[in-house]
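Report on the structure
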Amino acid sequence: LQRAARLSPAPRRWNSGLPVNIGVLFVPQQEAWVVERMGKFHRILEPGLNFLIPLLDRIRYVQSLKEIVINVPEQSAVTLDNVTLQIDGVLYLRVMDPYKASYGVEDPEYAVTQLAQTTMRSELGKLSLDRVFRERESLNASIVDAINQASDCWGIRCLRYEIKDIHVPPRVKESMQMQVEAERRKRATVLESEGTRESAINVAEGQKQAQILASEAEKAEQINKAAGREANAMLVKARAKAEAIQLLAAALAQQHGNAAASLSVAEQYVNAFSKIAKDSNTVLLPANTGDVTNMVAQALGIYTTLTKPQAVKNQDEMPSAHEDSHSPATEVLKAEQGSSS
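Parameters at a glance
- Residues numbered from 1 in each chain as written.
- Predicted model: local features only at pLDDT ≥ 70, side-chain atom pairs only at ≥ 80, totals over all residues.
- Heavy atoms only, no water.
- Helix = DSSP H or I, 4+ residues; strand = E, 2+ residues; numbered from the N terminus.
- Buried < 20%, exposed > 50% of the residue type's maximum accessible area, 1.4 Å probe, protein only.
- Contact = heavy atoms within 4.5 Å.
- Areas by Shrake-Rupley, 256 points an atom, 1.4 Å probe, with all protein chains shown as cover.
- Pairing = 2+ DSSP bridges.
- Axes fitted to C-alpha atoms, helices over the stretch in contact; angles between N-to-C directions.
- Lys, Arg positive; Asp, Glu negative; His and termini not counted.
- Salt bridge = Lys/Arg side-chain N within 4 Å of Asp/Glu carboxyl O.
- Polar contact = N/O pair within 3.5 Å; in protein donor to acceptor, adjacent residues only side chain to side chain.
- Core = buried A, V, L, I, M, F, W, Y, C linked by side-chain atoms within 4.5 Å.
- Expected span 1.5 Å × (residues − 1).
- Arc of directions from axis to C-beta.
- Phe/Tyr/Trp six-rings, centres within 6.5 Å; stacked < 30°, edge-to-face > 60°.
- Lys NZ or Arg CZ within 6 Å of the ring centre and 35° of its normal.

The subject of this paragraph is the overall build of the protein chain. Each helix and strand counted, the protein chain has 12 helices and eight strands in total. A burial count over the protein chain gives 25% of its 341 residues as buried. Considering only contacts within the protein chain whose residues lie at least 6 apart along the sequence, 67% involve residues at least 24 apart. Carbon and sulfur atoms provide 56% of the accessible area of the protein chain, an area that totals close to 23100 Å².

So, on to the sheet that holds strand β3 (residues 40-45). The strand order across the open sheet built from three strands is β3-β2-β5, with neighbouring strands paired in antiparallel fashion. Looking at which strands have only one partner, the edges of the open sheet turn out to be β3 and β5 (57-64). Pairs of neighbouring strands in the sheet enclose a mean axial angle of 25 degrees, with direction left out of account. Pairing of strand β2 (residues 31-37) with β5 involves seven bridges; the strand directions are antiparallel. If you follow Val 35 over to β5, its bridge partner there is Ile 59.

So, on to the side chain of Asp 88. Tracing the backbone through its elements, the reader meets Asp 88 in strand β7 (residues 84-95). Buried and unpaired, Asp 88 has Lys 164 as its nearest opposite-charge partner, separated by 4.3 Å. For Asp 88, the side chain forms a polar contact with the main-chain nitrogen of Asp 165, separated by 2.9 Å. Once residues within four sequence positions are removed from consideration, Asp 88 is found in contact with Val 72, Pro 73, Glu 74, Tyr 161, Ile 163, Lys 164 and Asp 165.

As for its placement among the helices and strands, Val 168 is situated in the loop between β8 (156-167) and α6 (170-253). Ignoring anything within four residues of it in the chain, the contact list for Val 168 reads Leu 85, Phe 133, Lys 173 and Met 176.

Attention now moves to the nonpolar core. The biggest cluster of nonpolar side chains holds 32 residues, and the ones touching the most others in it are Leu 91, Ile 147 and Tyr 161. Every element with two or more residues in this core is listed here: β6 (67-78), β7, α3 (108-124), α4 (129-134), α5 (136-151) and β8. The element that contributes the greatest number of residues to this core is α3, accounting for six residues. Formed by eight residues, the second largest nonpolar core is a distinct cluster that contains Leu 25, Val 27, Val 35 and Ile 59.

This brings us to α5. Helix length check: α5 (16 residues) gives 22 Å between terminal C-alpha atoms against 22 Å at 1.5 Å per residue, within 8%. The set of residues buried in α5 consists of Leu 139, Asn 140, Ile 143, Val 144, Ile 147, Asn 148 and Ser 151. Down the axis of α5, the sector holding all buried residues measures 165 degrees, keeping them to one side. Close packing links the buried residues of α5 with β7, α3 and β8.

Glancing now at the packing of aromatic side chains. Applying the stated criterion across every chain, the model contains four aromatic pairs. Judged by centre distance (4.8 Å) and plane angle (65 degrees), the ring pair of Phe 41 and Tyr 99 falls under edge-to-face. Taken together, the residues Phe 41 in strand β3 and Tyr 99 in helix α2 (residues 98-103) connect sequence positions 58 residues apart. Ring plane angle 85 degrees and centroid distance 5.6 Å describe the contact between Tyr 61 and Tyr 103, whose orientation is recorded as edge-to-face. Residue Tyr 61 is found in strand β5, and its partner Tyr 103 is found in helix α2; the two are separated by 42 residues along the sequence. Under the relative-accessibility criterion, Tyr 61 is labelled buried at 11%. By the ring-pair criterion, three or more aromatic residues cluster together here, those being Phe 41, Tyr 61, Tyr 99 and Tyr 103. In this structure, Arg 160 is placed above the aromatic ring of Tyr 92, and the distance from its NZ or CZ to the ring centre is 4.4 Å.

Just geometry here; none of it tells us what the structure is for.
In structure tokens:
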């Protein structure tokens with residue numbers, strides 16, 4: 001019974017209430033009356049006042065020029081992945097040529113409805129179940145194009161087609177719900193992992209910047225402290241060295257200063273020579289190692305050469321000191337030579 005109801009033709013609107021020709025007729029707006037004279041098409045009456053010949057002229061069809069809404073019955077369709085769907089829709093069309101709509105097809109509304117159903121089944125067979133839900137707009141546009149190509153000779157133009165409901169089998173619906181839940185859990189897990197990663201990256205970047213700033217601050221502090229300490233140490237050393245040089249110069253300027261300096265140089269020379277073997281395995285010995293007096297004399301000769309200009313200057317001022325400069329030093333050297341022997 002349901003299949004018979006689907007295939008039954010839609011009611012013909014022009015059969016009910018056809019106007020009777022009384023000679024003077026008033027055609028309503030947005031309607032077209034098709035007139036036949038003696039069984040042959042004569043003309044189409046325009047809206048307004050019209051005159052016809054009674055008995056010879058007959059109003060055969062009344063076509064509405066308004067947009068017509070047709071409910072497409074629910075039908076079964078199989079998708080590309082072999083899923084059976086129950087789908088219905090709404091069709092919007094308009095009569096563009098009353099002559100073709102009257103003589104081109106017996107029942108234009110029924111023809112368009114059947115064409116919409118067959119086109120819907122063929123278009124659904126090209127798509128999978130997932131694409132049916134994603135591409136409803138493209139599916140509607142394809143159905144409209146297919147209807148317009150076939151209904152052009154009928155004088156009818158399809159304006160829009162909209163899918164109302166798509167009914168999926170219960171098992172397929174359950175599997176789709178499980179798939180949606182799994183997809184949502186996946187996205188939640190991915191978003192949570194991305195948030196954790198971003199948080200770890202931000203924390204690591206913050207720690208890195210903090211360590212860099214702390215190390216730079218410590219470095220600057222150490223540089224400042226080192227610069228201050230070294231500057232102070234250099235100043236202290238320079239002042240101590242200057243004072244030592246002044247004291248040494250004052251001591252040398254006194255009586256018997258050259259003799260004391262000679263004695264100090266000789267002692268340092270002997271001490272340095274005695275430490276040669278302790279600091280290194282390689283020992284360089286002069287030819288006259290046993291002659292300590294000659295070695296001391298060489299050291300005193302070096303010192304005398306360096307201090308000769310000063311000695312000449314001091315000779316004019318203190319002649320007695322120059323005469324006695326060698327005797328005390330010689331005696332001290334002889335005493336040290338005897339003790340070493």
